[in-house]
Amino acid sequence: MIFRRLFGFFGRDLAMDLGTANTLIYSPKDGIVLNEPSVVAMDAHNGSIIAVGREAKDFLGRTPDRIRAIRPLKDGVIADFEVTKEMISFFIKKVISGMSLVKPRIVICVPTGITQVEKRAVIESALQAGSREVKLVEEPMAAAIGAGLPIENPIGNMVVDIGGGTTEVAVISLSAVAYAESVRVAGDEMNESIQRYFQDRHQLLIGENMAERIKMTLGTAVPLDETLHGEVSGKNLVDGTPKCLPITDADVREAIQEPVARIVLAVKRALEKTPPELVGDIARNGLLLAGGGALLKGLDKLISTETHLTVIVDDDPLTTVVRGTGRTLEVPKLYAKVYIN
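These lines cover the structure that appears in this document, whether it is placed above or below. As the structure is a prediction and not an experimental result, all values here were calculated from the model.

What counts, and where the lines are drawn
Residues numbered from 1 in each chain as written. Predicted model: local features only at pLDDT ≥ 70, side-chain atom pairs only at ≥ 80, totals over all residues. Heavy atoms only, no water. Axes fitted to C-alpha atoms, helices over the stretch in contact; angles between N-to-C directions. Helix = DSSP H or I, 4+ residues; strand = E, 2+ residues; numbered from the N terminus. Parallel < 35°, antiparallel > 145°, perpendicular 65-115°, else oblique. Left-handed = near helix turned anticlockwise from the far one by under 90°. Contact = heavy atoms within 4.5 Å. Nonpolar A, V, L, I, M, F, W, Y, C, P; charged D, E, K, R; others polar. Phe/Tyr/Trp six-rings, centres within 6.5 Å; stacked < 30°, edge-to-face > 60°. 1 Å grid on protein atoms, 1.4 Å probe; cavity = no way out; pocket = protein on both sides within 12 Å on 5 of 7 lines; lining within 4 Å. Points joined across faces, edges and corners; volume = space filled by probe spheres on them. Salt bridge = Lys/Arg side-chain N within 4 Å of Asp/Glu carboxyl O. Buried < 20%, exposed > 50% of the residue type's maximum accessible area, 1.4 Å probe, protein only. Domains from an automatic or database assignment.

## What about the packing of helix α3 (residues 81-95) against helix α4 (residues 116-128)?
(1) Moving on: One way to put it is that α3 packs onto α4 with a least axis distance of 8 Å and a crossing angle of 45°. Considered as vectors, α3 and α4 are oriented oblique to each other. Where α3 crosses over α4, the two elements pack in a sense that is right-handed. Two secondary-structure elements touch here, α3 through Phe81, Thr84, Lys85 and Ile88 and α4 through Ala121, Glu124, Ser125, Ala126 and Gln128.
(2) Moving on: Residues of the contact of α3 with α4, tallied by class, amount to 4 nonpolar, 3 polar and 2 charged.

## Some words on the packing of aromatic side chains
(1) Moving on: With the rule as written, the count across this model stands at 2 aromatic pairs.
(2) Moving on: Each ring, one from phenylalanine 90 and one from phenylalanine 91, has its centre 5.9 Å from the other, and the planes form 65°; the classification is edge-to-face.
(3) Moving on: Ring geometry for tyrosine 197 against phenylalanine 198: centres 5.1 Å apart, planes inclined by 90°, an arrangement best described as edge-to-face.

## Overview of the layout of surface pockets
(1) Moving on: Considered as a void within the structure, the largest pocket measures approximately 830 Å³ in volume.
(2) Moving on: Lining the largest pocket are 38 residues, with Ala21, Asn22, Gly292, Gly293 and Leu318 positioned closest to its centre.
(3) Moving on: For the lining of the largest pocket, the secondary-structure elements that each account for two or more residues are β2 (22-27), β3 (31-37), α2 (54-57), β11 (157-162), α6 (187-202) and α7 (208-218).
(4) Moving on: A per-element tally of the lining of the largest pocket places α6 first, with 4 residues.
(5) Moving on: Class assignment of the residues belonging to the lining of the largest pocket gives a composition of 12 nonpolar, 15 polar and 11 charged.

## Structural notes on the pattern of salt bridges
(1) Moving on: This structure, assessed with the given rule, holds 19 salt bridges.
(2) Moving on: Residues glutamate 212 and lysine 57 are paired through a salt bridge, measuring 2.7 Å at the closest nitrogen-oxygen approach. Of this pair, glutamate 212 sits in helix α7 while lysine 57 is found in helix α2, placing the two residues 155 residues apart along the sequence.
(3) Moving on: By relative accessible area, which is 18% here, glutamate 212 ends up buried.
(4) Moving on: The salt bridge involving glutamate 192 is made with lysine 74; its shortest N-O contact spans 3.7 Å. Taken as a pair, glutamate 192 in helix α6 and lysine 74 in strand β7 (residues 73-74) lie far apart in primary sequence, 118 residues in all.
(5) Moving on: According to the relative accessible area criterion, glutamate 192 is partly exposed, its value standing at 29%.
(6) Moving on: Ionic contacts of the salt-bridge type, sharing partners, join the residues Asp13, Arg105 and Arg132 into one network.

## Section: empty space enclosed by the protein
(1) Moving on: Under the defined criterion, the tally for this structure stands at 1 cavity of 30 Å³ or more.
(2) Moving on: Counted as a void, the largest cavity has a volume near 80 Å³.
(3) Moving on: Together, Ala21, Asn22, Pro37, Val39, Lys57, Leu60, Arg71, Asp188, Asn191, Glu208, Asn209 and Glu212 line the largest cavity.
(4) Moving on: Mapped by element, the contributors of at least two residues to the lining of the largest cavity are α6 and α7.
(5) Moving on: Ranked by the residues each element gives to the lining of the largest cavity, the list is headed by α7, at 3 residues.
(6) Moving on: Residue composition of the lining of the largest cavity, by class: 4 nonpolar, 3 polar and 5 charged.
(7) Moving on: Residue-level mapping places the lining of the largest cavity at the junction of two domains, with at least three residues from each of domain 1 (14-141 + 322-330) and domain 3 (187-256).

This is the structure:
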């Protein structure tokens, strides 16, 4: 009985969305089994891991000199190989209850603009973390599958996946990417723009977590019918004292105006470079918006106004990509062509 249970676990397959901001893991049997920030807290002296995921994110901006809280992925790709390997290993072991004999097969989604060196880094990290086999699928392809788009048909499907580090814009037809563009402007760039805005405009220094909270609660791409109010707290750059300011959604909209405009420009550029037959399909069927950035209030309306397209936001945009990645494990014959390695 114990042997059969171990054997069943040994063959377990997993899908992973290894994101700049968050890592999600999907099991065909259990659905989404992990959703944690892609953050690792380490001892600066000996390099040992202190915390990973949600616990480590709370350390950002609050650590003493002996502890470093870092995000090992930057712009959708691995920036620190060793730390990424430790993070993946921690998440896999957490999902399979720490059973060291388990070696799952994993499908990982990656940005369309990833280089061969970056692909190899992702594969090696997962293998060294304890996987027996690693497959890669492009993020917009995974998003299209997760949203249930008919990617295998000769029809143009446009996907805009706005994550933490990159925005993926792709046109998909016949289970292949007809055109794709990966721009390294997404949620993280918005957070940094908010930090710069308050530093330059109000001489107020705020942390990364505070900037993200402001974006999530007050961030808008277009003016709303009702003004949103909130407050931001941080350090006064003039004298170093604590400072708190009342703000509205108009302040945050001004702060993130540039990265939002660059995302819209990437969508318009993709349409310009897409064959006319596929653009006609997109005009009839609309554009899919996925990823955490899809939750920015009014972004769908802004893109629709600028492109004259119907914009459809997925029901659960934060998990669209990992659900699609998992779907390739559930129906392998249908989706075998989407793997890129």
